[in-house]
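Fold and contact review
Letter by letter, the chains look like this.
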Amino acid sequence: MAELTAKDYATDQEVRWCPGCGDYSILKAVHRALAESGADPANTVFVSGIGCSSRLPYYVETYGFHTIHGRAPAIATGVKLANPELDVWVVTGDGDGLSIGGNHLLHAIRRNVDLNILLFNNEIYGLTKGQYSPTSRIGTASPSSPGGSIDQPIDPAQFALGCGATFIARCVDIDQKALPGILNAGQAHEGTAFVEILQNCIVYNKDVWDDVSSKKTAADAQVLCEHGAPLIFGKARDKGLRLNPRTLSLEAVTIGEDGVTEADILVHDETNPMIAELLVRMRDPLPTAMGVIHRRTQPAFDQAYRARKTLERKTRVKDLLRRGNLLDRR
Amino acid sequence: MPAGFVTYIHMQNRAFAERVPISYNSRPFFLCGTTMSTTATQAARRHVVRFAGDSGDGIQLQGAQFTNASALAGHDLATLPDFPAEIRAPQGTRYGVSAFQIQFGGDRITTPGDAPEVLIAFNPAALVVNLPHLEPGATIIVDGNAFTAQRLKRADLDSNPLEDGRLDAFRVHAIDVSDLTLEAVKPHGLGAKDSGRCKNFWVLGLVLWMFDQPREPTRRWINRRFAGDESLRDANLAALDAGHAYGETMEIDGTLAQKHVPEAPLAAAEYRTITGAEALALGLVAAGELADIELMFCSYPITPASSLLHHLTGLEEAGVATFQAEDEIAAVCSAIGASFAGKLGVTSSSGPGVALKTEALGLAVATELPLVVVNSQRAGPSTGMPTKTEQSDLYQAVYGRNGDTPIPVVAARSPADTFDTAIEAVRIALRHMTPVFLLTDGYIANASELWPLPDFDSYAAIDTARPAPGSQGAVFERNPATQARVWAAPGDAGYIHRVGGIEKDAQSGNISYDAANHQSMTDLRAKKLAQVADYMPDQTLEQGVMGGLAVVAWGSTYGTIYQAVKDALAEGYSVAHIHLRHINPLPSNLGELLTEFEAVLVPELNTGQLATVLRDRLLVDAIQLNQVNGQPFAVADVKAAIAAHAPRRMQEVNRG
Ligand SMILES: Cc1ncc(C[n+]2csc(CCOP(=O)(O)OP(=O)(O)O)c2C)c(N)n1
Ligand code: SF4
Ligand SMILES: [Mg+2]
């Protein structure tokens, strides 16, 4: 097979997201990640639920299954158990994955089925025209919450960690530098890879991620997690995260100030769930953790399942019929 | 011995312990193809025995053992387990009574019988709860040790039924079973508790003696079950023998006579007993073998459907894998995922769980994927009565979806019939690329019957729409005779495609909101359902004559209706029995067939759902006979309805 380029993974279907929607750049990153990994279109499957985000499979030249609202993790689990050879991706939204489909997302992650789950978090129900979602911040004004939402939101990465995720990453939709690589890392992970993508819904929740992702703020508002590297950030790369052992919390410090040196900065250990816990919880004024926040090894469910349940036909029905007490009247 | 005579056999030692149920592996059974006409000697040719006690008394185990013995003695049989809803209800309470009824004998047996002629009651509650089922003259055997003041109170009894005259119409044997069991197992050195647990085998020994049934199958079972514990094994064997010997003594002193039950005139075949859940599991596996397709069975536990999950998990050596999902939605969705990936997805539940699956069934219809959905029906609405049987999910199967979403529906009529019904369901699903409903119920799932082993070589292979390896083509090109599209799955390089629940273009499969396309896709789905009928055999009569009353039914009422119609025919009524396996679509000739009858009677364990379907599809005006008390119909009730609506065929018939 000739090497495929990102373009080869596009379909002939007209992409129908609103102009300026963050989903376009995610799609581009997906095409690039597939090309980068040399994915075999025949053995790759994109399964999605319902939402703007869930339209993505129609735009990827692999097998695709656009299913029903919230159920993609369950359907993808069936696909993967039926054929563990497949590279199975799940595309979901904050409503699809954490509202109606929260239960399936929980179970896919805790089983550690080898799926790459991309959750497009725009903190809004895009497809149904902009109602607040389970990730909307308190005070989100929407057609169903004109006075501002009052529900406590859930953080997708924290949810995943609570479910026992073995791979958690976060990225901004337009970050073409980081996103394809993160997708490839998730793809390579054996077990559930959970990737939260901060996505801009330009129509119903415009610039909701501006505080994290705008050109002006990004360098100071994000910290890129790299295994084995100190958690340093800031335009001048002079800020870092330090563990305060007395409060058991992270604090942002400036290297060179108050006697802080690089040696004081916490070194990222992606295998340590305690560090992951601290990182996923970080909110303004601390930077938002990006990149691969957590990754550890644990047998994938589909492997254990198929080791026990081979689907081989070792016993024929004719023999099964004759099991038990027989009365011979021939 | 005259009715009303109470035999008391007391033992000194009153200490006994309650027993805990032994986990029980239900054993299959047989079905007999020979029909005997009803004669005066029938009473002696068949017997109905009911075991009743606490769930802790091992009632279902005794029933299963007696069933095996009866089968191996060459009897036809049908059984009815009747469990309480609670797992371990408080001992001695009325609502905790577990029962097992069997009809067996040298005749064709299709029902567990209306009225038991022998009741074995392990405690006062089991006695009073079952008294209404008995006819005068019935034999009652009770554990006399269980009729203490405390246990009478547990059963809400103010007086002792053994003494207050309410059993005057029956032949009662109050035997101190607990004491006699302790005595029998004493040499084996068990503690009081384990000794008490052997009581069920003592009683089984006695009942086996009463009907001259072999002890061998039970001996084998005990040897296997207690292989790891010699004293338990020997104690149970001793209890079995002691009960049996006790029967011989009773005969000698003239209180009880042994009955010799003639063998059933079974056609030449090998037979086994089988429960509905077992036969259904085997049928699904058999269908997989016929289609050369692996099965993914995805389910979430619910009574009475769970036994299918358990049985299939035990058959994983035969090309099936089970997956216990997080809920019924995930169960159907993972099954659909498996079908998308080229295995056959099968999912199973009972009414409440099937309700949860509904949205996903629409997805399977829209994406034209094969799927089998088994509904083991139970009494509804809502949680209803999980352990009680009903046929009230027919509307749900035939009509219960959003959109114009046709799904074929087939129904099993008896435990063994689930085998062929499962194969038919898979055949339809794969032939037409569609989800299929298979309706069974709690009664069929748990009941057992004698089954002549099918000649599996004679079953036709099942074709699938899987593309040839290495081929290339259009996924949504459909077979004009079935409307099946190509079952392309990931891994097939020549058929890469996207599909989903949004209306798709009839040819390309891409999203389409085009008005004319939706019309043609809707038409196509309707045509697919209609074409299922092209492959169905013509509906025939089970038995009976044309012209008078047609009794049209479906599902687990089969055995009862068969017997009722047989009896009515013998009495000269002009009646016929039509039993439907295919309900959606109905057999093509059914409408015409029914026009040849004066009247149509539809007995159902619901408020008239098949009657609605028949009116809807065939404009047939059906007379309804409906019952929703959680129990199967009694033959007598169906017979009375036939008598009320069927014309007489022969005037000279003896009405006595
Ligand atoms: C069973 C069901 N309930 C509701 C809907 C309507 N619905 C479609 S998408 C959606 C929310 C999608 O939000 P999200 O997952 O955040 O996706 P986005 O459009 O924001 O990408 C809703 C409520 C549906 N399609 N199905
Ligand atoms: S509504 Fe929002 S999320 Fe949906 S396509 Fe438009 S911009 Fe994107
Ligand atoms: Mg959203």
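Computed from a predicted model, the values in this text were never measured in an experiment. (Residues numbered from 1 in each chain as written. Chains lettered and ligands numbered in written order. Predicted model: local features only at pLDDT ≥ 70, side-chain atom pairs only at ≥ 80, totals over all residues. Heavy atoms only, no water.)

**What to know about the overall build of chain B**
Test applied: Going along the chain from the N terminus, every DSSP run of H or I of four or more residues is numbered as a helix, and every run of E of two or more is numbered as a strand. The size measure is the radius of gyration over C-alpha atoms, and the globule rule it meets is 2.2 Å times the number of residues to the 0.38 power. Three exposure classes are used, based on accessible area relative to the maximum for each residue type with a 1.4 Å probe and protein chains only: buried under 20%, partly exposed in between, and exposed over 50%. It only takes one pair of heavy atoms within 4.5 Å for two residues to be counted as in contact. The accessible surface values rely on the Shrake-Rupley method and a 1.4 Å probe; as for residues, cover is taken only from the protein chains in view. Residues scored as charged are limited to Lys and Arg (positive) and Asp and Glu (negative), so that His and the chain ends carry no count. Just so you know, the charge point we use is NZ for Lys, CZ for Arg, CG for Asp and CD for Glu.
A tally of helices and strands in chain B yields 21 helices and 22 strands. On C-alpha atoms alone, chain B measures out to a radius of gyration of 27 Å, which is about the 26 Å that the 2.2 N^0.38 rule sets for 656 residues. Projected onto the principal axes, the alpha-carbon positions of chain B cover approximately 85 × 65 × 45 Å. Within chain B, the proportion of its 656 residues that are buried is 65%. The contacts of chain B with a sequence gap of at least 6 include a subset with a gap of at least 24, amounting to 78%. For chain B, the accessible area works out to roughly 22200 Å², and carbon and sulfur atoms hold 51% of it. Side chains of chain B give 50 positive and 72 negative charges; the mean places of these two sets differ by 2 Å.

**With respect to the coordination of the magnesium ion (ligand 3)**
All names here are of chain A. Under the convention used in this document: Metal-coordinating donors are taken as N, O and S atoms lying within 2.8 Å of the metal, or within 3.2 Å when the metal is Na, K or Ca; because water is left out, some sites can appear incomplete.
Bound to the magnesium ion (ligand 3) on the protein side are D94 (OD), N122 (OD1) and I124 (O), at distances that span 2.1 Å. Mapping the donors of the magnesium ion (ligand 3) onto the primary sequence yields the spacing D-x27-N-x1-I. Take N122: its relative accessible area is 6%, and that puts it in the buried class. Its relative accessible area of 3% is what places I124 among the buried residues.

**Notes on the sheet that holds strand 11 (residues 344-349) of chain B**
Residue and element names in this part refer to chain B. What counts is decided by this rule: Two strands pair under a simple rule: DSSP has to find at least two bridges between them. Think of each axis as a best-fit line through the C-alpha atoms, taken over the contacting stretch in the case of a helix, with angles from 0 to 180 degrees between the N-to-C directions.
Pairing is mixed in the open sheet, where 7 strands are placed in the order 10-9-11-12-14-13-20. Looking at the sheet topology across the chains shown, the edges are occupied by strand 10 (320-324) and strand 20 (582-584). Neighbour to neighbour, the strand axes of the sheet diverge by 25° on average, direction disregarded. Relative to strand 14 (residues 435-441), strand 13 (residues 409-411) runs parallel, the two sharing 3 bridges. Paired with V410 across the bridge in strand 14 is L438. Across the face of the sheet, helix 10 (residues 276-291) comes into contact with strand 9 (295-299), strand 10, strand 11, strand 12 (371-377) and strand 14 while running at roughly 145° to strand 9.

**Comments concerning the side chain of R111(A)**
Note the following rule: Polar contacts, as counted here, are pairs of nitrogen or oxygen atoms within 3.5 Å of one another; within protein the pair requires one atom able to donate a hydrogen and one able to accept it, and residues that are adjacent in sequence qualify only if both atoms are side-chain atoms.
Among the structural elements, R111(A) can be located in helix 4 (residues 102-111). Polar side-chain contacts of R111(A) include one of 2.9 Å to the side chain of E326(B). Beyond its immediate sequence surroundings of up to four residues, R111(A) is in contact with F301(A), F323(B), Q324(B), A325(B) and E326(B).

**Quick notes on unusual backbone geometry**
All names here are of chain B. Between G380 and the following residue, P381, the backbone shows a cis peptide bond with an omega angle of 0°. A cis amide bond, omega -5°, links N584 with the succeeding residue P585. Tracing the backbone through its elements, the reader meets P585 in the loop between strand 20 and helix 19 (590-595). Of note in this structure, L619 is not a glycine but carries a positive phi near 55°. Relative to the helices and strands, L619 is located in the loop between helix 20 (609-618) and strand 22 (622-626). Looking at L619, the relative accessible area reads 77%, which means it is exposed.

**Re the domain arrangement of chain B**
Residue and element names in this part refer to chain B. Definition in use: These domain boundaries are the output of an automatic or database domain assignment. Accessible-area loss on putting two parts together, using a 1.4 Å probe and summing over both, is the definition of buried area adopted here. Salt-bridge detection follows one rule: a side-chain nitrogen of Lys or Arg within 4 Å of a carboxyl oxygen of Asp or Glu. Here the term charged refers only to Asp, Glu, Lys and Arg, the term nonpolar to Ala, Val, Leu, Ile, Met, Phe, Trp, Tyr, Cys and Pro, and the term polar to all other amino acids, Gly among them.
Looking at chain B, the domain boundaries give domain 1 (32-256), domain 2 (272-458) and domain 3 (543-645). A C-alpha centroid distance of 35 Å is found between domain 1 and domain 3. Facing 11 residues of domain 1, the contacting portion of domain 3 comprises 12 residues. Between domain 1 and domain 3, roughly 940 Å² of surface is buried when both sides are summed, and carbon and sulfur atoms account for 44% of that area. The interface formed by domain 1 and domain 3 includes 0 salt bridges. Scanning the region where domain 1 abuts domain 3 turns up 4 residue pairs in polar contact (both at pLDDT 80 or more). Grouping the constituent residues of the side of domain 1 that touches domain 3 by class yields 2 nonpolar, 4 polar and 5 charged.

**Concerning the sheet that holds strand 19 (residues 575-580) of chain B**
Residues and elements named next belong to chain B. Ordered by their spatial adjacency, 5 strands build an open sheet running 17-19-18-21-22, and the pairing between neighbours is mixed. Because the sheet does not close on itself, it has two edges, and the strands there are strand 17 (543-544) and strand 22. Summarising the sheet, strand 18 (residues 547-554) and strand 21 (residues 597-604) pair through 4 bridges and their orientation is parallel. If you follow L549 over to strand 21, its bridge partner there is A599. The sheet strands contacting helix 18 (residues 558-570) are strand 17, strand 18, strand 19 and strand 21, and the helix crosses strand 19 at an angle near 165°.

**Looking at helix 13 (residues 351-367) of chain B**
Residues and elements named next belong to chain B. Threshold: Here, expected helix span is obtained from the residue count minus one, scaled by 1.5 Å. Two axes define the bend at a residue: one fitted to the seven residues ending there, one fitted to the seven starting there, and the bend is the angle between them.
The end-to-end C-alpha separation of helix 13 is 24 Å, in line with the 24 Å expected for 17 residues at 1.5 Å each. Maximal helix bending in helix 13 amounts to about 50°, located at T358. Those residues of helix 13 that fall on the buried side of the exposure criterion are G351, G353, V354, K357, T358, A360, L361, L363, A364, V365, A366 and T367.

**Let's talk about the interface of chain A and chain B**
Each partner contributes residues to the interface: chain A has 54 residues there, and chain B has 78 residues. Taken together, both faces of the contact between chain A and chain B bury some 5600 Å²; the carbon and sulfur share is 59%. For R313(A), the salt bridge identified is with D292(B), shortest N-O distance 3.6 Å. Run the count over chain A and chain B and you get 34 residue pairs in polar contact (both at pLDDT 80 or more). Looking at the side of chain A that touches chain B, the elements that each hand over two or more residues are strand 2 (63-66), helix 2 (72-82), helix 4, helix 10 (301-308), helix 11 (317-321) and strand 14 (327-328) of chain A. Here the side of chain A that touches chain B gets 7 residues from one element, more than from any other, and that element is helix 2 of chain A. Its residues placed into classes, the side of chain A that touches chain B shows 23 nonpolar, 16 polar and 15 charged. Sheet topology places strand 2 of chain A next to strand 16 (residues 498-500) of chain B; 3 bridges connect them, and they run parallel. In the strand pairing of strand 16 of chain B, F65(A) is matched with V499(B).

**Digging into the site of ligand 2**
Formally: Nearness is judged by heavy atoms alone; a residue qualifies as near a molecule or strand once a single heavy atom is within 4 Å of it.
Neighbouring ligand 2 are W17(A), C18(A), C21(A), C52(A), N122(A), Q199(A), C201(A), I202(A), V203(A) and Y204(A). Its residues placed into classes, the shell around ligand 2 shows 8 nonpolar, 2 polar and no charged.

**Overview of the state of the cysteines**
Cut-off, in case you're wondering: In this description, the term disulfide denotes a pair of cysteine sulfurs within 2.5 Å.
What the rule picks out here adds up to 0 disulfides over all chains. Here C163(A) is not disulfide-linked; the sulfur of C333(B) is the nearest cysteine sulfur, at 18 Å. The class for C163(A) is buried, based on a relative accessible area of 9%. Here C298(B) is not cross-linked by a disulfide; its sulfur's nearest cysteine counterpart is in C333(B), at 10 Å. Residue C298(B) is classed as buried on the basis of its relative accessible area, which comes to 0%.

**Description of the pairing of strand 12 of chain B**
Every regular strand shows the same layout, with side chains that alternate between the two sheet faces. Residue and element names in this part refer to chain B. Here is the rule we go by: Looking down the strands as they point away from you, a crossover is right-handed if its path from the first strand over the helix to the second goes clockwise.
The buried count for strand 12 comes to 7 of 7 residues, which makes it a mostly enclosed element. The side-chain alternation of strand 12 yields two buried faces, one formed by L371, V373, N375 and Q377 and the other by V372, V374 and S376. The sheet contact formed by strand 11 and strand 12 spans 5 bridges and is parallel. Across the sheet, residue V346 finds its bridge partner in strand 12, namely V372. The handedness of the strand 11 to strand 12 crossover, carried by helix 13, is right-handed.

**Quick word on the packing of aromatic side chains**
All names here are of chain B. Threshold: Here is the rule: rings of Phe, Tyr and Trp (six-membered ring for Trp) pair when centre to centre is within 6.5 Å. Planes less than 30 degrees apart are stacked, more than 60 are edge-to-face, and the remainder are tilted. Counted as over-ring charges are cases with an Arg CZ or a Lys NZ within 6 Å of the ring centre that also lie within 35 degrees of the ring normal.
This structure, assessed with the given rule, holds 21 aromatic pairs over all chains. Each ring, one from F66 and one from F104, has its centre 5.1 Å from the other, and the planes form 75°; the classification is edge-to-face. Here F104 lies in strand 4 (residues 97-105) and F66 lies in helix 2 (residues 59-72), a separation of 38 residues in the sequence. Like F104, F66 is buried. Ring-pair connections join several aromatic residues into one group, and the members of that group are F51, F66, F104 and F211. A cation sits over an aromatic face here: R225 above F226, 5.2 Å from the ring centre.

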